[in-house]
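So the chains spell out like this:
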Amino acid sequence: AATEISAKQKDAKSAGRDLAEAARASKREGAGDAENKALLKAMGSEIKRLTERVNLAETAFFSMLNDLDEAPDPSEPLARTTKAAEYVTGAGALRNDLDATKAELAAVKDAALSG
């Protein structure tokens with residue numbers, strides 16, 4: 001859909017320039033029925049292109065909205081992730097306590113062996 005939207009945008013820029021040129025030609029002094037018909041044709045073409053772009057954008061939007069509706073609720077996995085982070089933090093604190101206890105034990109052993 002993105003490539004189609006991009007193509008429609010490029011077409012719209014070109015059509016906008018054509019419409020502007022037709023409008024300028026229609027405003028010139030001495031503009032006849034041919035210039036006015038060209039302007040009306042350009043305006044009709046622009047309206048058609050705009051309608052197509054609006055329909056495409058609405059389709060893409062509702063498709064995306066439908067995909068979001070069908071997506072699973074992320075609250076449960078997020079809660080598990082939060083709980084896992086708490087376990088990791090707790091494990092880090094326990095590791096620090098264990099390292100401190102090992103250091104104290106080594107100091108006590110050294111004091112006992114030298115004393």
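Quick caveat, the model's predicted, so the values are computed rather than measured.

(A) Structural view of the overall build of the chain. From N to C terminus, the chain includes 3 helices and 0 strands. Of the regular secondary structure in the chain, the N- to C-terminal order runs α-α-α. The C-alpha radius of gyration computed for the chain amounts to 36 Å, which surpasses the reference 13 Å derived for 115 residues by more than 25%, pointing to a less compact arrangement than a globule. Considering only C-alpha atoms, the chain reaches an extent of 120 × 30 × 20 Å along its principal axes. Of all 115 residues assigned to the chain, the portion counted as buried reaches 8%. When the accessible surface of the chain is summed, it comes to about 9,400 Å², and 60% of that surface belongs to carbon and sulfur atoms. Counting 17 positive and 20 negative side-chain charges, the chain places the averaged centre of each group 8 Å from the other.

(B) View of the packing of aromatic side chains. Scanning the entire structure with this criterion turns up 1 aromatic pair. Aromatic pair F61 and F62: ring centres 5.4 Å apart, planes at 70°, arrangement edge-to-face.

(C) Structural view of a nonpolar patch on the surface. Together, F61, F62, M64, L65 and L68 give the surface a local cluster of nonpolar side chains, amounting to about 510 Å² of exposed area. Here L68 shows up in helix α2 (residues 33–70).

(D) Main features of the side chain of E46. Among the secondary structure elements, E46 is positioned in helix α2. Filtering out sequence-adjacent residues up to four positions away, E46 remains in contact with A12, A15, G16 and L19.

(E) Spatial organisation of the pattern of salt bridges. Inspection of every chain in the model, using the stated rule, returns 3 salt bridges. For the salt bridge of K83 with E86, the shortest nitrogen-to-oxygen distance reads 3.8 Å. Separated by 3 residues within a single helix, K83 and E86 lie in helix α3 (residues 75–114), roughly one turn from each other.

Thresholds, definitions, all that
- All chains use their own residue numbering, which begins from 1 and follows the written sequence.
- Residues qualify for local features only when their pLDDT is at least 70, as the model is predicted, and side-chain atom pairs are given and counted only at 80 or more; totals for whole chains, interfaces and linings, by contrast, use all residues.
- Only hydrogens and water are set aside; all other atoms, that is, all heavy atoms of the structure, feed into the side-chain values.
- Put simply, DSSP marks the helices as runs of H or I at least four residues long and the strands as runs of E at least two long, and each gets a number from the N terminus on.
- In this description the radius of gyration comes from C-alpha coordinates, and the expected globular size is given by 2.2 Å times residues to the power 0.38.
- Note on classification: 1.4 Å probe, protein chains only; a residue is buried when its accessible area is under 20% of the maximum for its type, exposed when over 50%, partly exposed between these limits.
- Note on areas: Shrake-Rupley with a 1.4 Å probe; residue coverage comes only from the protein chains shown.
- Under the counting rule used here, the positive set is Lys and Arg, the negative set is Asp and Glu, and His together with the chain ends is not counted.
- In this description, the location of a charge corresponds to atom NZ of lysine, CZ of arginine, CG of aspartate or CD of glutamate.
- Each aromatic pair joins two rings of Phe, Tyr and Trp (for Trp, the six-membered one) with centres within 6.5 Å, and gets the label stacked for planes under 30 degrees apart, edge-to-face for over 60, and tilted for any other angle.
- Like charges are joined within 9 Å and nonpolar side chains (Val, Leu, Ile, Met, Phe, Trp, Tyr) within 5 Å, but only among residues with over 30% relative accessible area and no salt bridge; these make up the patches.
- Salt bridge, as used here, is a side-chain nitrogen of Lys or Arg placed within 4 Å of a carboxyl oxygen of Asp or Glu.
- Any pair of residues with heavy atoms lying within 4.5 Å of one another is described as a contacting pair.

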